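Structural features, examined
One letter stands for each residue in the lines below.
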Amino acid sequence: MFIIKYIKEVYRGVKSLLVGMKRTLYYFTHHKEIITQEYPDNRDTLVMAERFKGEVVMPHNEKNEHRCTGCQACELACPNGTIKVIFKNELTPEGKKKKAIDKLVYHLELCTMCNLCVEACPSDAIKMAQTFEHSVYDRSELTKILNNPGSKIMDGVE
Amino acid sequence: MFEEVGTTTEGDIIINVGPQHPATHGVLHLVITLNGETIKKVEPHLGFIHRSIEKMCESLTYRQFIYVTSRMDYLSSHINNHACALCVEKGLQVEVPPRAQVIRVLMDELTRIASHELWWGAMAMDLGAFTPFFHAFRERESINDIMEETCGARLTMNYMVPGGVMQDLHPDFQKRVKEFLQLYKRKIHEYDELVTGNIIFQNRMKGIGYLSPEDAVSYGCSGPAARGSGVSCDIRKVYPYEIYDKLEFDEVLETAGDSFARYMIRLREMQQSIRIIEQLIDNIPDGDFQAKTKAVLKLPKGEFYQRVETARGELGVYIVSEGGTTPYRIKFRSPGFSNLSVLDHIARGSKLGDLVAMMGTLDLVIPDIDR
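Residues numbered from 1 in each chain as written. Chains lettered and ligands numbered in written order. Predicted model: local features only at pLDDT ≥ 70, side-chain atom pairs only at ≥ 80, totals over all residues. Heavy atoms only, no water.

Now for the overall build of chain B. The helix and strand inventory of chain B stands at 15 helices and eight strands. For 371 residues, the compact-globule formula gives about 21 Å, and the C-alpha radius of gyration of chain B, at 21 Å, lands near that figure. Scored against the burial criterion, the 371 residues of chain B give a buried share of 60%. Within chain B, contacts between residues separated by at least 24 positions form 70% of all contacts whose residues are at least 6 apart in sequence. (Helix = DSSP H or I, 4+ residues; strand = E, 2+ residues; numbered from the N terminus. Rg over C-alpha atoms; globule rule 2.2 N^0.38 Å. Buried < 20%, exposed > 50% of the residue type's maximum accessible area, 1.4 Å probe, protein only. Contact = heavy atoms within 4.5 Å.)

Residue and element names in this part refer to chain B. By the element assignment, Asp370 lies in helix α15 (residues 366–370). Asp370 sits in the buried class, given a relative accessible area of 8%. Each C-alpha atom of the pair Asp370 and Leu28 lies 9.3 Å from the other, and the pair is 342 residues apart in sequence. Only 3.2 Å separates the side chain of Asp370 from the backbone nitrogen of Phe48, close enough to count as a polar contact. (Polar contact = N/O pair within 3.5 Å; in protein donor to acceptor, adjacent residues only side chain to side chain.)

All names here are of chain B. Their axes nearest at 11 Å, the elements helix α6 (residues 173–196) and helix α11 (residues 259–281) cross at an angle of 160°. The angle between α6 and α11 places the two elements in the roughly antiparallel class. In terms of crossing hand, the pair formed by α6 and α11 is left-handed. (Axes fitted to C-alpha atoms, helices over the stretch in contact; angles between N-to-C directions. Parallel < 35°, antiparallel > 145°, perpendicular 65-115°, else oblique. Left-handed = near helix turned anticlockwise from the far one by under 90°.)

Taken as a whole and assessed by the stated rule, the structure comprises 34 salt bridges over all chains. Here Glu89(B) makes a salt bridge to Arg104(B), at a shortest N to O gap of 2.7 Å. Of this pair, Glu89(B) sits in helix α3 (residues 77–92) while Arg104(B) sits in helix α4 (residues 98–126), placing them 15 residues apart in sequence. Put simply, Arg23(A), Arg138(B), Glu139(B), Glu190(B) and Glu193(B) are held in one network by salt bridges that share partners. (Salt bridge = Lys/Arg side-chain N within 4 Å of Asp/Glu carboxyl O.)

All names here are of chain B. For strand β2 (residues 29–35), a buried count of six out of seven residues is recorded, marking the element as mostly surrounded by other parts of the structure. Sheet analysis places strand β1 (residues 13–17) next to β2, joined by five bridges and oriented antiparallel. The partner of Ile15 across the bridge, within β2, is Ile32. The sheet contact formed by β2 and strand β3 (residues 38–45) spans seven bridges and is antiparallel. Note on β3: the bridge partner recorded for Leu30 is Pro44. In textbook terms, the turn of a hairpin is the stretch between consecutive antiparallel strands, and for β2 and β3 this stretch comprises two residues, one of which, Gly36, has a positive phi near 70°. (Pairing = 2+ DSSP bridges.)

On to the layout of surface pockets. Each pocket or cavity is described by its volume, and for the largest pocket that value is around 950 Å³. For the largest pocket, the lining is made up of 28 residues, of which Ile35(A), Thr36(A), Gln37(A), Phe137(B) and Glu141(B) are closest to its centre. For the lining of the largest pocket, the secondary-structure elements that each account for two or more residues are α1 (2–29) of chain A together with α5 (131–151) of chain B. With ten residues, the top contributor of residues to the lining of the largest pocket is α5(B). (1 Å grid on protein atoms, 1.4 Å probe; cavity = no way out; pocket = protein on both sides within 12 Å on 5 of 7 lines; lining within 4 Å. Points joined across faces, edges and corners; volume = space filled by probe spheres on them.)

Moving on to the interface of chain A and chain B. Each side of the interface is counted separately: chain A has 27 residues, and chain B has 30 residues. Roughly 2,400 Å² is buried in total at the junction of chain A and chain B, and carbon and sulfur atoms are behind 53% of that figure. Summed over the shared surface of chain A and chain B, the number is two salt bridges. The closest approach of N and O atoms between Arg23(A) and Glu190(B), which form a salt bridge, is 3.3 Å. On inspection of chain A and its partner chain B, the count reaches 17 residue pairs in polar contact (both at pLDDT 80 or more). (Buried area = accessible area lost by both parts, 1.4 Å probe.)

Here we take up the sheet that holds strand β6 (residues 143–145) of chain A. Residue and element names in this part refer to chain A. Taking strand neighbours across the sheet as the criterion, the three strands line up as β3-β4-β6 in an open arrangement whose pairing is antiparallel. In this open sheet, the two strands that pair with only one neighbour each are β3 (83–91) and β6. Sheet twist, expressed as the average angle between the axes of neighbouring strands with direction ignored, equals 30°. Relative to β6, strand β4 (residues 97–107) is paired through three bridges, and the arrangement is antiparallel. When the bridges of β6 are listed, Tyr106 appears paired with Lys144.

Inspection of the entire model under this criterion finds 17 aromatic pairs over all chains. With a centroid separation of 5.2 Å and 85° between ring planes, the pair formed by Tyr26(A) and Tyr27(A) is classed as edge-to-face. With a centroid separation of 6.3 Å and 75° between ring planes, the pair formed by Phe133(B) and Phe134(B) is classed as edge-to-face. Ring pairing ties together the aromatic residues Trp119(B), Phe201(B), Phe260(B) and Tyr263(B), which thus form one cluster. Note that Arg23(A) overlies the ring of Tyr26(A), its terminal NZ or CZ placed 4.9 Å from the centroid. Positioned above the aromatic ring of Phe249(B), the side-chain terminus of Lys237(B) is 4.4 Å from the ring centre. (Phe/Tyr/Trp six-rings, centres within 6.5 Å; stacked < 30°, edge-to-face > 60°. Lys NZ or Arg CZ within 6 Å of the ring centre and 35° of its normal.)

On to a nonpolar patch on the surface. Residue and element names in this part refer to chain A. A contiguous nonpolar surface patch, about 1,100 Å² in accessible area, is contributed by Phe2, Ile3, Tyr6, Ile7, Val10, Val14, Leu18, Met21, Leu25 and Phe28. By secondary structure assignment, the location of Val14 is in helix α1. Since its relative accessible area comes to 45%, Val14 is described here as partly exposed. (Patch = residues over 30% accessible without salt bridge, like charges linked within 9 Å, V, L, I, M, F, W, Y side chains within 5 Å. Areas by Shrake-Rupley, 256 points an atom, 1.4 Å probe, with all protein chains shown as cover.)

Moving on, we come to the nonpolar core. Residues and elements named next belong to chain B. Counting 79 residues, the largest nonpolar core has Phe65 and Tyr263 as its most contacted members. No other element matches the twelve residues that α4 contributes to this core. Leaving out residues up to four positions away in the same chain, Tyr263 has contacts with Trp119, Trp120, Met123, Tyr191, Val195, Thr196, Phe201 and Met205. (Core = buried A, V, L, I, M, F, W, Y, C linked by side-chain atoms within 4.5 Å.)

This paragraph deals with helix α14 (residues 352–362) of chain B. Residue and element names in this part refer to chain B. Where burial is concerned, most of α14 is hidden: eight out of the eleven residues are buried. For α14, the complete set of buried residues consists of Asp354, Leu355, Ala357, Met358, Met359, Gly360, Thr361 and Leu362. After α14 finishes, the residue Asp363 shows a positive phi value of roughly 55°.

The next subject is the sheet that holds strand β8 (residues 329–333) of chain B. Residue and element names in this part refer to chain B. Across the sheet, which stays open at both edges, the three strands sit in the order β6-β7-β8 with antiparallel pairing between neighbours. What marks the edges here is a single partner per strand, and that holds for β6 (302–309) and β8. Adjacent strand axes in the sheet meet at a mean angle of 10°, parallel and antiparallel pairs treated alike. Across eight bridges, the pairing between β6 and strand β7 (residues 314–321) is antiparallel. Pairing of Gly302 across the sheet is with Ser321, part of β7.

So this is what it looks like as structure tokens:
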């Protein structure tokens, strides 16, 4: 009785190993089912998801105008102090003084891509870009100014 | 006779596993007292990845603190965020729209499958099988793609906000999830062929690390670690939140209490999550995905507690509010901490080689234990 049980055990064990080996051989011979992406080589064809949160950017139109009113909602919403809004005084055509943004400083090194600033913005001035290759040689390059130099606020955005 | 097992005597060897060791899945330091090859004592040392998340949360507003909790149990970050959002909603008395509830449950269950798949691959790798890791990541990858499309991130999503979810579902979401379900059903038998039926794997798992139901309760174990011993503790069944009480699914229970039982629990739990997703994917109600809340959230004075079932067990969020915009105190009851504390108990008297199998089936995520 012991011998029969022993042989059965051995048979069961060898069978279980062969079943697993069969699965491995299946993938060895079916190359089409391999789904690995060869990342640095497929850079030209790589398409990121449209909602992918890579970094915060401020879109400008062709006249170099943005939609940021400088309300600081993004600065308040940010948990890490990633965004700083710096103001300047501008003269309107009527000669009145008007507050406008000078720089919108964005610290990429502090950002966790939580999307709270984009959600908080009432005028859709900032959005998330799909870039993800952020490595640079010096830390200071990660501090970015989002508005282009010489840019103005778009007409009709309050 | 009473035998003193916890003390060091002459001839004992003390070895350190970690803090940097592939088998500990993170920066966990185990001080193991050995007598020959038999384990006399296991002492986990924590603190290597302590980021004081609870203290950080005290300086963040109720909208902001949710993103930090993704960094605790990073494999079930959706469920962590869900727990925090639910706790804040409890304080605000906000009614979450039905669409948001369904989206939340769908995301939770997808996260649970992704988490268990990674665990399955890592578990097999702990025991020396390297290929299953890639098989597990193949299915997990399609879940990550679904998450990336809808939430915008693959691991730390920050998709749940108080009152609902941050963005509406992507138009392709239903199609992609159905594709995933088909892929999963086509590939699920491979899990059994490669690992579960394997005789070497079974011999290394069966009867190893026995945890009795009494000990599971007294150590505060939860999740698959306790359900492997037959303790019914699924928060989705016991204290249903969101729409879990209207869904049809079984609480998976095994009674053996060994490592293999805990392994089987997770495999069967994935099937139940698939069942939940199948019920919901065609029945997502129309409507708002977010309730209207004030721009600045203020919780009334008081204490609020909410628990949810993560992939690892019971996660509790306890908020003490003084009526301001930031919490006065936040405490997280993490499942991993209690599950780790039982390791010393189940490891005593077994061999050193089996320790990895026991640790693997407890499914420890160290940033969750240390916070």
